[in-house]
Amino acid sequence: MNVEIFRLTEEIISRAIEERDAILLQKEATFLLNSFAMIMPEAFPQIEYVRLTKVQFKMNPDFMFGKTHVSSLRKLLTSIEQILQQRIDIIEAKLLFDSWFYESTETGSLHYVFDDSELVNISDAADSLGVSRTTLYKYIDRGLETVGEKHNQKVPRFLLEAWKNPEVAFQMQWLAQLKRTREQTAEQRLDDVNKQIAEFEKKFGGSFYFLFSNMTDQELDAHPEAVDLHDWRELEKEKQELLARLKGER
């Protein structure tokens, strides 16, 4: 795709924001969504194609014209140019696109089909991370992306490498939670959250608040189990939000 097309898109977005034209802004957001989905397999051979289904953007004016959404649209535009110029790697592009998708849409799914040569089986994936198959399945439950049916899954090699970075692994887990939240009822999600918290409590021998609530972010980052602790803390926050939501619905 021609970079000039996206520069024109940026001008149209600016005009839509200035005129508070929600229809025009949604039209350009849809164009960016479809363009990014087309560019990903063109730029990265690990991906065969990206499928989008039943997508509906958030149309609340406060959200659409808010600084966060406007900034994310412009960041997506910049990233498209960087992809076309080969100045951004696959994991950075995917995390950005996935984050934008789940933050900007009310409904819909985003599904990647990966090249077969990029996929490794569970045993090889566990070896790559230096963990047992049981631990790898726990990573999958937390957000390590796979393809295939349960117990016959395969993992994209580039996502395995990304998982080795605690900060990136945390982003992947957060995105997986957004996706699951969209697909589940509040009761179903709370049940999953409680199960994951129970696993952490068994592993560490107590509750998060008793063991780690007094630690700073820097201390958590320096902990040998930093990925687990950050994930656990977010689950505890989500649990309280879900309980409050369910209480309000009764």
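The structure this text deals with has already been given above.
K.L.:
Before we go on, may I ask you to explain the nonpolar core in this structure?
P.N.:
Considering soluble globular proteins, one finds that nonpolar side chains tend to be buried as a cluster. One finds M40, F97, L136 and L144 to be the most contacted residues of the largest nonpolar core, which totals 59 residues. Aside from chain neighbours lying at most four places away, what touches L136 is I122, A125, A126, L129, V131 and L144. Grouped together as the second largest cluster of nonpolar side chains are 14 residues, I197, F200, L229 and L246 included.

K.L.:
Sorry if this is basic, but what is going on with the side chain of E236 here?
P.N.:
Inspection of the secondary structure puts E236 in helix α13 (residues 226–249). Buried and unpaired, E236 has no salt bridge, with K239 as the nearest side chain of opposite charge at 5.2 Å. Discounting chain neighbours no more than four positions away, the residues touching E236 are I197, E201, F208 and Y209.

K.L.:
How do you make sense of the packing of helix α10 (residues 186–204) against α13 when you look at a structure like this?
P.N.:
For any two helices packed against each other, the geometry comes down to the angle between their axes and how far apart the axes lie. Between α10 and α13, the least distance of the axes is 9 Å, while the angle of their chain directions is 145 degrees. In the crossing of α10 with α13, the sense of the turn from one axis to the other is left-handed. Taking contact as the criterion, the partners of A186, E187, R189, L190, V193, N194, Q196, I197, F200, E201, K203 and F204 in α10 are, on α13, D228, L229, D231, W232, L235, E236, E238, K239, L242, L243, R245 and L246. Grouping the constituent residues of the contact of α10 with α13 by class yields twelve nonpolar, two polar and ten charged.

K.L.:
Whenever I open this one, unusual backbone geometry confuses me. Can you help?
P.N.:
A negative phi holds for most residues other than glycine; trans holds for most peptide bonds. Unusually for a residue other than glycine, R20 sits at a positive phi of about 50 degrees. By the element assignment, R20 lies in the loop between α1 (3–18) and α2 (22–43). Even without being glycine, Q86 reaches a positive phi, approximately 55 degrees. On the secondary structure map, Q86 appears in the loop between α4 (67–84) and α5 (90–104).

K.L.:
Looking at this structure, I do not really get the packing of α5 against helix α9 (residues 166–183). What am I missing?
P.N.:
Relative orientation of the contacting elements α5 and α9 amounts to 30 degrees, with a least axis distance of 10 Å. Considered as vectors, α5 and α9 are oriented roughly parallel to each other. You can see that α5 and α9 cross each other, and the crossing is left-handed. Mapping the contact onto sequence places I91, L95, D98, S99, F101, Y102 and E103 in α5 and V168, Q171, M172, W174, L175, L178, K179 and R182 in α9. Looking at the contact of α5 with α9, its residues break down into nine nonpolar, two polar and four charged.

Conventions and cut-offs
Numbering of residues starts from 1 in each chain and follows the order in which that chain's sequence is written. Side-chain atom pairs in this predicted model are given and counted only at pLDDT of 80 or more, local residue features only at pLDDT of at least 70, and totals for whole chains, interfaces and linings cover all residues. As a convention, hydrogens and water are excluded, and side-chain values are obtained from all of the structure's heavy atoms. Only buried residues count toward a nonpolar core. Its members are Ala, Val, Leu, Ile, Met, Phe, Trp, Tyr and Cys residues joined through side-chain atoms within 4.5 Å. The classification of residues rests on relative accessible area computed with a 1.4 Å probe and restricted to protein chains. Under 20% of the type maximum is buried, over 50% is exposed, and intermediate values are partly exposed. Contacts were defined at the residue level, with two residues in contact if any of their heavy atoms lie within 4.5 Å. Secondary structure elements follow DSSP: runs of H or I of four or more residues count as helices, runs of E of two or more count as strands, with numbering from the N terminus. For the purpose of counting charges, residues Lys and Arg are taken to be positive, whereas Asp and Glu are taken to be negative. His and the chain ends are not included. By definition, a salt bridge exists where a carboxyl oxygen of Asp or Glu is found within 4 Å of a side-chain nitrogen of Lys or Arg. Every axis corresponds to a line fitted to the C-alpha atoms, with the helix fit spanning only the stretch in contact, and the corresponding angles, defined between N-to-C directions, vary from 0 to 180 degrees. The crossing is said to be left-handed when, going from far helix to near helix, the turn is anticlockwise and less than a right angle, and right-handed when the turn is clockwise. Any residue outside Ala, Val, Leu, Ile, Met, Phe, Trp, Tyr, Cys, Pro, Asp, Glu, Lys and Arg is labelled polar, Gly included; the first ten of those are nonpolar and the last four are charged. To sort the angles, those under 35 degrees are grouped as roughly parallel, those over 145 as roughly antiparallel, those from 65 to 115 as roughly perpendicular, and the leftovers as oblique.

These figures capture arrangement, not role.
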